[in-house]
Amino acid sequence: SHDRPGWVYFRMAKTKRARSFLERANRLSPHEPTILVHLGELYLVLKDNEQATRMFEEAVDLLKKKPLEQWTVDDRRSAQVLKERVKAVFPEPVP
């Protein structure tokens, strides 16, 4: 996925580099829930709660439109984060 380098930088607490990579990844793949979740996590760390919420809500919308049988491992992980962050509700059981 386009966001891997950005997520690695995020995990290393290099938020400036992470932001650059993650925002670029989102421009390249604007409908990818995992990238949106990673951006949301970054924006939380940067104290931009409004932007974080926007990213999380967009990811929720995309996942809800995608049939469960088409969900990837990354989609499942994203759904778990979204359940915690914004109390998102998805069809059960989330595979």
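To be clear, the structure that these remarks concern was listed above.
Not measured: the values here are computed from a predicted model.

K.L.:
Explain the pattern of salt bridges to me, using residue names and the numbers behind them.
P.N.:
When their charged atoms lie close together, side chains carrying opposite charge are able to pair. This model, assessed by the stated rule, comprises five salt bridges. With a closest N to O distance of 2.8 Å, Arg-85 and Glu-41 form a salt bridge. You can see Arg-85 sitting in helix α5 (residues 73–86) and its partner Glu-41 sitting in helix α3 (residues 33–45), a full 44 residues away along the chain. A salt bridge links Lys-66 to Asp-75; its shortest N-O distance comes to 2.6 Å.

K.L.:
Can you tell me about the packing of α3 against helix α4 (residues 49–65), naming the residues and giving the values?
P.N.:
Between α3 and α4, the least distance of the axes is 8 Å, while the angle of their chain directions is 160 degrees. When the axis of α3 is compared with that of α4, the two are roughly antiparallel. The way α3 lies across α4 gives a crossing that is left-handed. Touching Pro-33, Leu-36, Val-37, Leu-39, Gly-40, Glu-41, Tyr-43 and Leu-44 of α3 are Asn-49, Gln-51, Ala-52, Met-55, Phe-56, Glu-58, Ala-59, Leu-62 and Leu-63, all from α4. Here the contact of α3 with α4 is built from residues that sort into twelve nonpolar, three polar and two charged.

K.L.:
Kindly report on the packing of α3 against α5, identifying the contributing residues and their values.
P.N.:
When two helices pack together, their arrangement is given by the angle between their axes and by how far apart the axes lie. Direction vectors running N to C along α3 and α5 enclose 35 degrees, while the axes themselves pass 9 Å from each other. Helix-helix and strand crossings are classified by hand; for α3 and α5 the assignment is left-handed. For the pair formed by α3 and α5, the contact residues are Pro-33, Thr-34, Val-37, Glu-41 and Leu-44 on the first element and Asp-74, Asp-75, Ser-78, Val-81, Leu-82 and Arg-85 on the second. For the contact of α3 with α5, a count of residues per class yields five nonpolar, two polar and four charged.

Rules used in this analysis
Residues numbered from 1 in each chain as written. Predicted model: local features only at pLDDT ≥ 70, side-chain atom pairs only at ≥ 80, totals over all residues. Heavy atoms only, no water. Salt bridge = Lys/Arg side-chain N within 4 Å of Asp/Glu carboxyl O. Helix = DSSP H or I, 4+ residues; strand = E, 2+ residues; numbered from the N terminus. Axes fitted to C-alpha atoms, helices over the stretch in contact; angles between N-to-C directions. Parallel < 35°, antiparallel > 145°, perpendicular 65-115°, else oblique. Left-handed = near helix turned anticlockwise from the far one by under 90°. Contact = heavy atoms within 4.5 Å. Nonpolar A, V, L, I, M, F, W, Y, C, P; charged D, E, K, R; others polar.

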